[in-house]
Amino acid sequence: MADKGNPLVTLRGWHRPLVVLAGAMGVLCAVSLLGLLLDDRTLVNAPIWLKPLKFSVSVGTYALTLAWLLTHVRRARRAGWWFGTVFAAGIGADVALIVVQMIFRGHTLHFNKATPADIMINNVVAGGAYAAWLMTAAVVVLLLFQRLPDRALNSALRWGTALALAGMGVAMLMFSPSPAQQAVLDAGGRPATFGAHSVGVEDGGPGLPVLGWSTVGGDLRIPHFAGIHGLQVLPLVAFGLLVLARRYPVLADDIVRRRLVRIAGAGYAGLLVLLTWQAQRGQSIVHPDFWTLAAGFALAAVVVAAGAVAVRPSAEILRSAR
């Protein structure tokens, strides 16, 4: 059943291949948790089942969000179905290869150029990721031509998908040689790996629990993660404002809520830029310097001030009407 204006549509109307992908990720999540308990193998100084666990949660959440998002596509719905299907096939194949490469072969996945098989698997995974990026971009274009009854949700969907697209784009920055890899290249050799998550340090060093993000250098996984999950954050902001509207009359007007969603989207985009800038300077997320903190406080101040301005006119109208 298609959505008729209510964002809480039934699961039956959601994009089926994406829902199947999310279900498969749920199974992989459960298996990965068992693997963490029963399998003590490690890879690059981390439990070997940790990456499949993280990917299962992230991909499953993203797939469900995109499946729901496509229920709002009215024009070119068949194209939207194909975009979602290609996304599901590409990312589903990538996750399957993660399991094969890491769990069954015991090799690292990303940036691995050690053997012809590693290169082939790495290239196929990169192809799936590029396909997902292109399909997300296509969904962004489709959303530009959609109109929902709630202006705030309409803006949230557009901002969220655009941010997810930008977050995927950040991953491209990972595919450049580290200083050690560049030294091998300069000497005429061929490094076993090409590219890295970390900046300024080698992958596999000290990291945050579970997440693994570097605590001693920059880490491009942080802005990548923040960006792709903007697709969940911005619609949640829109829903949160809708719930708060029951208590605060100033939010009853969906134009006001749309302004606030746009401000949140711009602020989130600023955060994505800030996190990327911090990582590219080789700076750990847990050790920000003065300039990172100053930029963060400035961004927060601008967002709060803009939000206050966005609701003030309507507040004044409500006071004058009493």
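Residues numbered from 1 in each chain as written. Predicted model: local features only at pLDDT ≥ 70, side-chain atom pairs only at ≥ 80, totals over all residues. Heavy atoms only, no water.

### Let's talk about the overall build of the protein chain
Phase 1 of the analysis: Summing up its helical and strand segments, the protein chain has 10 helices and four strands in all.
Phase 2 of the analysis: Taken from N to C terminus, the helices and strands of the protein chain fall in the order α-β-β-α-α-α-α-α-β-β-α-α-α-α.
Phase 3 of the analysis: In terms of overall size, the protein chain behaves like a compact globule, its C-alpha atoms giving a radius of gyration of 22 Å where 322 residues would be expected to give roughly 20 Å.
Phase 4 of the analysis: In terms of principal-axis extent, the alpha carbons of the protein chain reach across some 75 × 50 × 35 Å.
Phase 5 of the analysis: In the protein chain, which comprises 322 residues, the share counted as buried stands at 43%.
Phase 6 of the analysis: Taking the contacts inside the protein chain whose residues are at least 6 apart along the sequence as the reference set, 67% of them involve residues at least 24 apart.
Phase 7 of the analysis: For the protein chain, the exposed area adds up to about 16,200 Å²; of that, 70% sits on carbon and sulfur atoms.
Phase 8 of the analysis: Computing the positive centroid from 27 side-chain charges and the negative centroid from 14, the protein chain places the two 14 Å apart. (Helix = DSSP H or I, 4+ residues; strand = E, 2+ residues; numbered from the N terminus. Rg over C-alpha atoms; globule rule 2.2 N^0.38 Å. Buried < 20%, exposed > 50% of the residue type's maximum accessible area, 1.4 Å probe, protein only. Contact = heavy atoms within 4.5 Å. Areas by Shrake-Rupley, 256 points an atom, 1.4 Å probe, with all protein chains shown as cover. Lys, Arg positive; Asp, Glu negative; His and termini not counted. Charge placed at Lys NZ, Arg CZ, Asp CG, Glu CD.)

### What about the environment of R246?
Phase 1 of the analysis: One can find R246 in the loop between α8 (230–244) and α9 (254–280).
Phase 2 of the analysis: Here R246 falls in the exposed class, since its relative accessible area comes to 76%.

### Things to note about the packing of aromatic side chains
Phase 1 of the analysis: Applying the stated rule across the entire model yields five aromatic pairs.
Phase 2 of the analysis: A centroid spacing of 5.3 Å and a plane angle of 15 degrees characterise the contact between Y62 and F87, whose relative ring orientation is stacked. One end of the pair, Y62, is in helix α2 (residues 50–69); the other, F87, is in helix α3 (residues 77–104), with 25 residues separating them in the sequence. Considered together, Y62 and F87 belong to a single accessibility category, that of buried residues.
Phase 3 of the analysis: Aromatic side chains W68 and F239 sit 6.0 Å apart centroid to centroid with 50 degrees between the ring planes, which places their arrangement in the tilted category. A residue pair is termed long-range when its members are at least 10 positions apart, and W68 in helix α2 and F239 in helix α8 qualify at 171 residues.
Phase 4 of the analysis: F239 gets classed as partly exposed once you look at its relative accessible area, which sits at 25%. (Phe/Tyr/Trp six-rings, centres within 6.5 Å; stacked < 30°, edge-to-face > 60°.)

### What about the pattern of salt bridges?
Phase 1 of the analysis: Scanning the entire structure with this criterion turns up six salt bridges.
Phase 2 of the analysis: A salt bridge links R105 to D118; the nearest nitrogen and oxygen atoms lie 2.8 Å apart. Of the two residues, R105 is situated in the loop between α3 and α4 (116–143) and D118 in helix α4; the sequence distance between them amounts to 13 residues.
Phase 3 of the analysis: Judged by relative accessible area, D118 falls into the buried class, the value being 1%.
Phase 4 of the analysis: A salt bridge links D219 to R221; its shortest N-O distance comes to 2.7 Å.
Phase 5 of the analysis: With relative accessibility at 19%, the residue R221 sits in the buried group. (Salt bridge = Lys/Arg side-chain N within 4 Å of Asp/Glu carboxyl O.)

### Considering the packing of α3 against α4
Phase 1 of the analysis: Packing of α3 against α4 brings their axes to within 8 Å, and their N-to-C directions diverge by 155 degrees. Compared by their axis directions, α3 and α4 come out roughly antiparallel. Seen from above, α3 lies across α4 with left-handed handedness.
Phase 2 of the analysis: For the contact of α3 with α4, the residue count by class is 16 nonpolar, five polar and two charged. (Axes fitted to C-alpha atoms, helices over the stretch in contact; angles between N-to-C directions. Parallel < 35°, antiparallel > 145°, perpendicular 65-115°, else oblique. Left-handed = near helix turned anticlockwise from the far one by under 90°. Nonpolar A, V, L, I, M, F, W, Y, C, P; charged D, E, K, R; others polar.)

### What to know about the nonpolar core
Phase 1 of the analysis: Ranked by internal contacts, the top residues of the largest apolar core, which has 61 residues, are L18, Y62 and F87.
Phase 2 of the analysis: Where this core is concerned, the elements lending two or more residues are α1 (16–38), α2, α3, α4, α5 (151–170), α7 (221–228), α8 and α9.
Phase 3 of the analysis: Looking at this core, the element that brings in the most residues is α3, giving nine residues.
Phase 4 of the analysis: Setting aside its immediate chain neighbours within four residues, Y62 contacts F87, T136, A164, M168, I228, L231 and Q232.
Phase 5 of the analysis: Of all hydrophobic cores here, the second largest spans eight residues; its members include F111, A171, V199 and L272. (Core = buried A, V, L, I, M, F, W, Y, C linked by side-chain atoms within 4.5 Å.)

### Focus on the confidence of the model for the protein chain
Detailed reading of the predicted coordinates is not advisable wherever pLDDT is low.
Phase 1 of the analysis: Chain-level pLDDT for the protein chain is 86 on average; 93% of the residues reach the 70-or-more range.
Phase 2 of the analysis: Confidence drops under a pLDDT of 50 for residues 1–9, and excluding neighbours within four residues, the segment shows 18 contacts in the predicted structure. (pLDDT = per-residue confidence, 0-100.)

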